[in-house]
Amino acid sequence: MSKARHRSLRSAWWPVLLPLTLILASEYKLRSRSGHQAISGGVDANILLEIGVYGVVALYLYRRFGIRPPRRRAPAPLLLGWAFASYSLLSALWSLFPQFALVRGVQMMITAAVCHVVATRADRDDLYRLAHAFVVLVLLSVGFGLAVPLKRTPQTMDRFNWLYVHPVSAGIFLGIALLLTVAFALPGGLPRRWPVSAYLVTILVLAAALIATGTRGAAGACAAGVLALVVVARGARGRAELLMIGVPTAIVVGLVFTDSLLSFATRGESVEQLETLNARTDLWTLALDAFAKQPFFGNGLSAARGLFLDEIGLGGGHNAFVNALVEGGAVGVILFCTLLIVLATVNVGLSRLPARRADAALLVSLVLFFAVDGLTAEMSAAPANVASVWLYMVIAWTVILMNRSGDRARRPPAATERAPVP
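Residues numbered from 1 in each chain as written. Predicted model: local features only at pLDDT ≥ 70, side-chain atom pairs only at ≥ 80, totals over all residues. Heavy atoms only, no water.

1. Observations concerning the nonpolar core
Item 1. The biggest cluster of nonpolar side chains holds 108 residues, and the ones touching the most others in it are Phe134, Trp162, Ile176 and Trp390.
Item 2. Ignoring anything within four residues of it in the chain, the contact list for Trp162 reads Tyr28, Ser141, Val142, Gly145, Ala170, Phe173 and Leu174.
Item 3. One finds Ala290, Ala304, Phe308 and Val322 within the second-largest nonpolar core, a separate group that totals seven residues. (Core = buried A, V, L, I, M, F, W, Y, C linked by side-chain atoms within 4.5 Å. Buried < 20%, exposed > 50% of the residue type's maximum accessible area, 1.4 Å probe, protein only. Contact = heavy atoms within 4.5 Å.)

Printed below as a string of structure tokens:
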């Protein structure tokens, strides 16, 4: 094999390696820090490594692809992704924690840049490989969490995770991986790279681990995503079959596993904890007060991480929409919601094309996952985490489908057709 050919094959893995590198650098930590330490601007070896990895990714993008003006107008999902990232970075100028916000803003712009090059230079096969590589990463993480359980905090003592990844983040990892696996396991779904039995075993492992995390938001979001995936992927006939089979099955499962479902939903919490969603409703009340003081442009990127620590002891908005509202104001939340709506709408439209239906169904399910999970976790509206990176990969995947949605197989003219007159 020639050196040029070998180099081409090796470089073809960049659409897989770059997103995974950002996820690993952002989420996989060898220590835990309090909210006050995170927003104080102090750095340690882990923070320097994370910043360094993002810097290497930015340097790779520049050296390989350069910086040049676009040759054609970008589609709406890509423009909205850039708009949300750019506004987030701009809001660091008036953030209450400028150093922390500036770093996060730059990281979000690098994520958007990775999204852009994937959208314009990769293809669907690259994203299929990314999906499988991510599922393998999550499976290895689950195995590591079982083999090497590290010290837990009092709040996560009975909840599964790995390394120092919080169970909420672990639930998001598992929910995304589960949706990806189901999309490849479905009959007539995305092109498989493993035997069907491997996908089925993977689904069981991921589902068990997701339940073990005790992350109700991610579990509910995953259930909604699977339902949307099946409904969109099967078409009109499949939706009728789903209603006839799925509804009775859901009722039977609900009756048989009532106690287990209630135990998972309540998680041994008191009535007061359940009524306030573990103090989230109190946090959201404070968040709305903060929004009322800065209604148009918000309090700046990462403000929600430290704005309520002293008053309630919680960092972050614990809701993607509240987080966008507090940090970006009306402008920020409109950009974020518009991005989700456009992604969902475009992919529902693409699902009408048989050649694009399986991909579009998966993307609809992921958007719904981010929206539902966003009701109790802010990750999809915050930079430098697994949900944020995958949201931008959904943007890239959508753009790739849009660019090729008009492809038509050219059939030769029939024998009876007359040739055009020259």
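Further notes follow.
2. Quick word on the packing of helix 16 (residues 320-350) against helix 17 (residues 357-373)
Item 1. Orientation of helix 16 relative to helix 17, taken along the N-to-C sense of each, is 160°, at an axis distance of 9 Å. On the basis of the axis angle, helix 16 is roughly antiparallel to helix 17. Helix 16 and helix 17 meet at a crossing whose hand is left-handed. Of the residues in helix 17, those touching helix 16 at Phe321, Leu340, Leu343, Ala344, Asn347, Val348 and Leu350 are Arg357, Ala360, Leu363, Val364, Val367 and Ala371.
Item 2. Residues belonging to the contact of helix 16 with helix 17 are distributed by class as follows: 11 nonpolar, one polar and one charged. (Axes fitted to C-alpha atoms, helices over the stretch in contact; angles between N-to-C directions. Helix = DSSP H or I, 4+ residues; strand = E, 2+ residues; numbered from the N terminus. Parallel < 35°, antiparallel > 145°, perpendicular 65-115°, else oblique. Left-handed = near helix turned anticlockwise from the far one by under 90°. Nonpolar A, V, L, I, M, F, W, Y, C, P; charged D, E, K, R; others polar.)

3. Observations regarding a nonpolar patch on the surface
Item 1. A surface patch of nonpolar side chains, amounting to about 630 Å² of accessible area, comprises Leu90, Leu93, Trp94, Phe296, Phe297 and Val331.
Item 2. Mapped onto the secondary structure, Phe296 falls in the loop between helix 13 (280-293) and helix 14 (303-306).
Item 3. For Phe296, a relative accessible area of 59% puts it in the exposed group. (Patch = residues over 30% accessible without salt bridge, like charges linked within 9 Å, V, L, I, M, F, W, Y side chains within 5 Å. Areas by Shrake-Rupley, 256 points an atom, 1.4 Å probe, with all protein chains shown as cover. Salt bridge = Lys/Arg side-chain N within 4 Å of Asp/Glu carboxyl O.)

4. Points about the packing of aromatic side chains
Item 1. The final tally for this structure, using the stated rule, is 15 aromatic pairs.
Item 2. Relative to Phe297, the ring of Trp94 has its centre 6.3 Å away and its plane inclined at 65°; by these criteria the two rings are edge-to-face. Note that Trp94 is positioned in the loop between helix 5 (76-91) and helix 6 (98-121) and Phe297 in the loop between helix 13 and helix 14, a separation of 203 residues in sequence.
Item 3. Given the relative accessible area of 32%, Trp94 is considered partly exposed.
Item 4. Through a chain of ring-to-ring contacts, the aromatic side chains of Tyr28, Phe134, Phe160, Trp162, Phe173 and Trp390 assemble into a single cluster. (Phe/Tyr/Trp six-rings, centres within 6.5 Å; stacked < 30°, edge-to-face > 60°.)

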